[in-house]
Amino acid sequence: MHDEPMHSAQLEELRRSLSMPPENLPLADLVPVFVPASFFESGNWPGPYVLLRAKPLAVTWAILRPQNTMLYVSKDAADYWERKHLPWREQAMENLVRLSENTLTSHHFSRTDGTAYALVMMHDDGVGPSRLLLNGHIKDIFPEGYSVAIPERSVGIALRRGASETEQLKIQELVKKCFNEGTAPVSPSMFDPEEIVVDSS
């Protein structure tokens, strides 16, 4: 989901979402979301977040709403779930797994023998890059390891370890292009997946 101008229906949906009390927020639609760490530099972010070892990146949480909108989780909502002893971070990951059951990737790059050397997550639900948190699922495809990139807020990429120089260059060019031309650039770098791990507790 690119940061495009919102239509009136989206704005109306956001107004409705913002007026919902914490007890009415659907945990079944809660997901983790990658955002630039710069979002939190002012200290005014109104909800929970985690700064990652991949320094330009952070994770916060959002509830997917109608009209292709999302509502970032507020501190009040997180506090409410904590008081109710609801494992909301774990629920967010479970929701992400469910969303990704048949759609871990949106595109992939393959060799002539059909072997994938790179996976792309650019889904219509707006949380394609969040799927990079599903380490186990990606390791099933790339058991020898991989690196990741989030060049733009709507794009996540996983590159197989041991990819050829030509394959690496092709993906590096894609990362640069998404970062330079995307509407919401995040980082032009590649990272080890361990650098984007978020503790669910």
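For clarity, every value in this text was computed on a predicted model and none was experimentally measured.

1. Concerning helix 3 (residues 88-99)
Between the first and last C-alpha of helix 3 there are 16 Å, a value that for twelve residues agrees with the 16 Å anticipated at 1.5 Å per step. Of the residues making up helix 3, those classed as buried are Trp88, Arg89, Ala92, Asn95 and Leu96. One side of helix 3 holds all its buried residues, which, seen down the axis, span an arc of 115 degrees. Those residues of helix 3 that are buried lie in contact with strand 1 (30-36), strand 2 (49-51), strand 3 (57-65) and helix 2 (75-83).

2. Side note on helix 2
All buried positions along helix 2 are accounted for by Ala77, Ala78, Tyr80 and Trp81. Relative to the axis of helix 2, the buried residues are bounded by an arc of 160 degrees and lie together on one face. Opposite the buried face of helix 2, at more than 90 degrees from it, the exposed residues are Asp76 and Arg83. Contacts made by the buried residues of helix 2 are with strand 1, strand 3 and helix 3. Downstream of helix 2 by a residue or two, His85 has a phi angle that is positive, lying close to 60 degrees.

3. Some details on the pattern of salt bridges
As a working rule, side chains carrying opposite charge can pair if their charged atoms are close by. For the coordinates displayed, the defined rule picks out five salt bridges. Taking the shortest distance from any N to any O, the salt bridge between Arg131 and Asp125 comes out at 2.7 Å. For Arg131, a relative accessible area of 0% gives the class buried. Between Glu181 and Lys177 there is a salt bridge, with its nearest N and O atoms 3.0 Å apart. Placement of the pair is Glu181 and Lys177 together in helix 5 (residues 165-181), with a separation of four residues, close to one helical turn.

4. What to know about the side chain of Ser100
Position of Ser100 among the secondary structure elements: in the loop between helix 3 and strand 5 (107-110). A distance of 3.2 Å separates the side chain of Ser100 from the side chain of Arg131, its partner in a polar contact. When near neighbours in sequence (up to four residues on either side) are disregarded, Ser100 contacts Arg131 and Leu134.

5. Here's the deal with the pairing of strand 8 (residues 155-160)
For strand 8, the buried fraction is high: six of the six residues fall into the buried class. Burial along strand 8 is two-sided: the residues Val155, Ile157 and Leu159 and Gly156, Ala158 and Arg160 are all buried. Note that strand 6 (residues 116-121) and strand 8 share four bridges and pair antiparallel. Residue Leu119 lies in a different strand from strand 8, and its bridge partner there is Ala158. Across five bridges, strand 7 (residues 146-152) lies against strand 8 in antiparallel orientation. Within the sheet, the bridge partner assigned to Tyr146 lies in strand 8 and is Arg160. Between strand 7 and strand 8, which pair antiparallel in sequence order, lie two residues.

What counts, and at which threshold
- Residues numbered from 1 in each chain as written.
- Predicted model: local features only at pLDDT ≥ 70, side-chain atom pairs only at ≥ 80, totals over all residues.
- Heavy atoms only, no water.
- Helix = DSSP H or I, 4+ residues; strand = E, 2+ residues; numbered from the N terminus.
- Expected span 1.5 Å × (residues − 1).
- Buried < 20%, exposed > 50% of the residue type's maximum accessible area, 1.4 Å probe, protein only.
- Arc of directions from axis to C-beta.
- Contact = heavy atoms within 4.5 Å.
- Salt bridge = Lys/Arg side-chain N within 4 Å of Asp/Glu carboxyl O.
- Polar contact = N/O pair within 3.5 Å; in protein donor to acceptor, adjacent residues only side chain to side chain.
- Pairing = 2+ DSSP bridges.

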